[in-house]
Amino acid sequence: MGRIAGRFARYEPRLRAGRLVLGLLSDLPRKNCWTIAEWAGETSLHGMQHLLCRAVWDADAVRDDVREYVVQHLHDEAAVLVVDETGDVKKGTHTVAVQRQYTGTAGRIENSQVAVYLVYAGARGHAAVDRELYVPRSWTCDPDRCRAAGLGEDTVFATKPELARVMIERFLDAGHHVGWVTGDEVYGGSPRLRTALEERGIGYVLAVPCSAEVPTSAGKIRADALARKVPKRAWQKLSAGRGAKGQRFCDRAVIDLAEAAPGRHQLLIRRNRSTGELAYYRCHSTTPTSLAAPVKVAGSRWRVEETFQTEKGLAGLDEHQVRRYPSWARGVTLAMLAHAFLAVVRAGEHAHRPTPDDLIPLSCNEICRLFIALVVRPVRDAAHQLAWSDWRRRHQARSRTSHYRRQAAPQT
C-alpha cells in the first residue's frame, strides 16, 4: 500500500483503500462495498462507495504501480504476455458496457460486462498488469448513455484485439521488455494486432480457427487443409510444460509460411494424443527458434485462466457492484493489486523457504488464508492455524503423488 500512497490527495481515502484491499483478501462470501465496510468495522458503506466513486485519486496511476510491482518481483527474461478477456454476468442495462454478449464465464450469451486483461507470466509467477473495459457499439453510439456511465463523450468503439494492442504498447512504452505474446483465437484473427507486434519486434503465438487462411507458396490455404498435408514423420511429441496434473504432452507440427513481412512466420499445429483434436497457432519470431519455443509459449496461456480464477476467488474481481466506469476502473485495479500481493509473496516464499518433500509449495489460497488469520486478524493460538496449514498441504502432496503414480502406471 505504500507504493500507491502518493496517488491519493487525502489520507482518509488512502487509509480506506488499505482497508478495502484487506477486505478483498478476506474470507467474506461476498466482497462488495457493503460487506467489506462491515468487515472493516466502518459504521456505513458510504465511505467505501465514496472511495470508488468520488474520492480524488488516479486509478490509472495505481494500475501503473501494480505493473511495476509485478515486473519488479516476478521479473523473468523469458516472461510471456498473455491477453484474454473475462466477463461478469450482470442484471439490468445501466451498468457501464453491459449488453447481451457471449462470455466464457457463463459459456453462453448473457447480459454481461466484458473486460480484456494483460497478464505477465514468468517462471516465478503470474499476475495481471493491465485492464481495459470492452465497450460495445451499442454504447459508443449513444453519447448520453456513455456520459451517464462516466465514459467520455468521445469514447469510440475498440475491438478486443485493439484493446490488447493498447495494453501491450503501454507495457513496452513503460520501458519493459518481453519476447513473446500469446492469446486465443479472438486475438490471433486480428491482422492489425499481429502487424503491431511485428513492428515492435515482439514474437507471438496466437491461436487461430481451423478456417483461417494462411499464406503459402501455393497461395492462401485453410489451416485445417494444410494440416491434412503434414506427413506422419513431421509430428513430434512435446510438452507444453508442467501443469496441475504433470507434464502436458501433445503432438506438434510446424509449417513455414510464405509471409512477406520480416521475421519467421509459421503455423503451429497441436494434436491431442487422446482425441486427435487439432488446434492452430499463427507464430512469429524475429530470430530462428526451435519448435520447443513456440510450444512453450502456447502452453503458457493457462496462466491467464489461473489468474482469473485466483483474482475472482480470492480478490473479488467479479464481485464489485458498481455502475459507472470510474468506479469499475478503481475496483478492478485494487483487486489486481490484492492478487499481485499474493503472487509476489508466493514467489518470495518459494525462492527463500525450501518446501519439505511431504508438503506442496505454498499456494496463493494458503497464503491468503494465513495472512488473514495471522496478520490481519491475529488469533490466540497461531500454532493451531499453522498446524492446519501443514495438514492441508501434506494432504494435497499425498494426493498429487498418488495422481502421478496412477498417471505413470502402464496402461492395460
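Before reading further, recall that the structure is shown in the block above.
Residues numbered from 1 in each chain as written. Predicted model: local features only at pLDDT ≥ 70, side-chain atom pairs only at ≥ 80, totals over all residues. Heavy atoms only, no water.

**Student:** Quick one: what's the story with the overall build of the protein chain, residue by residue and with numbers?
**Tutor:** Along its length, the protein chain carries 15 helices and twelve strands. Taken over C-alpha atoms, the radius of gyration comes to 23 Å for the protein chain, in line with the 22 Å a tight globule of 412 residues would show. Counting only C-alpha atoms, the protein chain reaches 70 × 60 × 40 Å along its principal axes. Out of the 412 residues belonging to the protein chain, those deemed buried represent 50%. Sequence separation of 24 or more characterises 63% of the internal contacts of the protein chain that already satisfy a separation of 6 or more. Computed over 61 positive and 45 negative side-chain charges, the inter-centroid distance for the protein chain is 5 Å. (Helix = DSSP H or I, 4+ residues; strand = E, 2+ residues; numbered from the N terminus. Rg over C-alpha atoms; globule rule 2.2 N^0.38 Å. Buried < 20%, exposed > 50% of the residue type's maximum accessible area, 1.4 Å probe, protein only. Contact = heavy atoms within 4.5 Å. Lys, Arg positive; Asp, Glu negative; His and termini not counted. Charge placed at Lys NZ, Arg CZ, Asp CG, Glu CD.)

**Student:** Report on unusual backbone geometry, specifying residues and quantitative values.
**Tutor:** Within the chain, A97 stands out as a residue other than glycine whose phi angle is a positive 70°. Structurally, A97 is set in the loop between strand 1 (80-89) and strand 2 (99-103).

**Student:** Account for the pattern of salt bridges, with residues named and values stated.
**Tutor:** Summed over all chains, the structure comprises 28 salt bridges. Where E12 meets R10, a salt bridge forms, and the shortest distance between an N and an O atom there is 2.8 Å. The class of E12 is partly exposed, set by a relative accessible area of 26%. Taking the shortest distance from any N to any O, the salt bridge between R393 and D390 comes out at 3.8 Å. One end of the pair, R393, and the other, D390, are both in helix 15 (residues 382-408), three residues apart, so they sit about a helical turn from each other. Given the relative accessible area of 11%, R393 is considered buried. Among the ionic contacts, a cluster of salt bridges with common partners joins D60, R63, D64, R67, E68, D130, R131, E132 and R170. (Salt bridge = Lys/Arg side-chain N within 4 Å of Asp/Glu carboxyl O.)

**Student:** For the packing of aromatic side chains, give the residues involved together with the corresponding values.
**Tutor:** According to the stated counting rule, one finds six aromatic pairs in the structure shown. Centroid distance Y117 to F308: 5.5 Å. Interplanar angle 70°. Geometry classified as edge-to-face. Of this pair, Y117 sits in strand 3 (residues 108-122) while F308 sits in helix 12 (residues 302-315), and the two are 191 residues apart along the sequence. F308 carries the same exposure label as Y117, and that label is buried. (Phe/Tyr/Trp six-rings, centres within 6.5 Å; stacked < 30°, edge-to-face > 60°.)

**Student:** Can you lay out the pairing of strand 11 (residues 264-271) for me, pointing to particular residues and giving the numbers?
**Tutor:** Sheet topology places strand 11 next to strand 12 (residues 278-285); eight bridges connect them, and they run antiparallel. Within strand 12, the position partnered with R271 by the bridge is L278. Taking the residues between adjacent antiparallel strands as the criterion, strand 11 and strand 12 are bridged by six residues, where G276 takes a positive phi near 80°. (Pairing = 2+ DSSP bridges.)

**Student:** An account of the nonpolar core is requested, with residue identities and associated values reported.
**Tutor:** In this structure, Y117, Y120, I168, F171 and W328 are the most contacted members of the largest nonpolar core, which totals 102 residues. By size, the runner-up hydrophobic cluster in this structure holds 16 residues, among which are V208, A223, A227 and V230. (Core = buried A, V, L, I, M, F, W, Y, C linked by side-chain atoms within 4.5 Å.)

**Student:** So what's going on with the pairing of strand 12? Which residues, and what values?
**Tutor:** Most of strand 12 is tucked away: seven of the eight residues are buried. In terms of strand pairing, strand 6 (residues 203-208) meets strand 12 through five bridges, oriented antiparallel. Looking at the pairing, Y204 lines up with H284 of strand 12.

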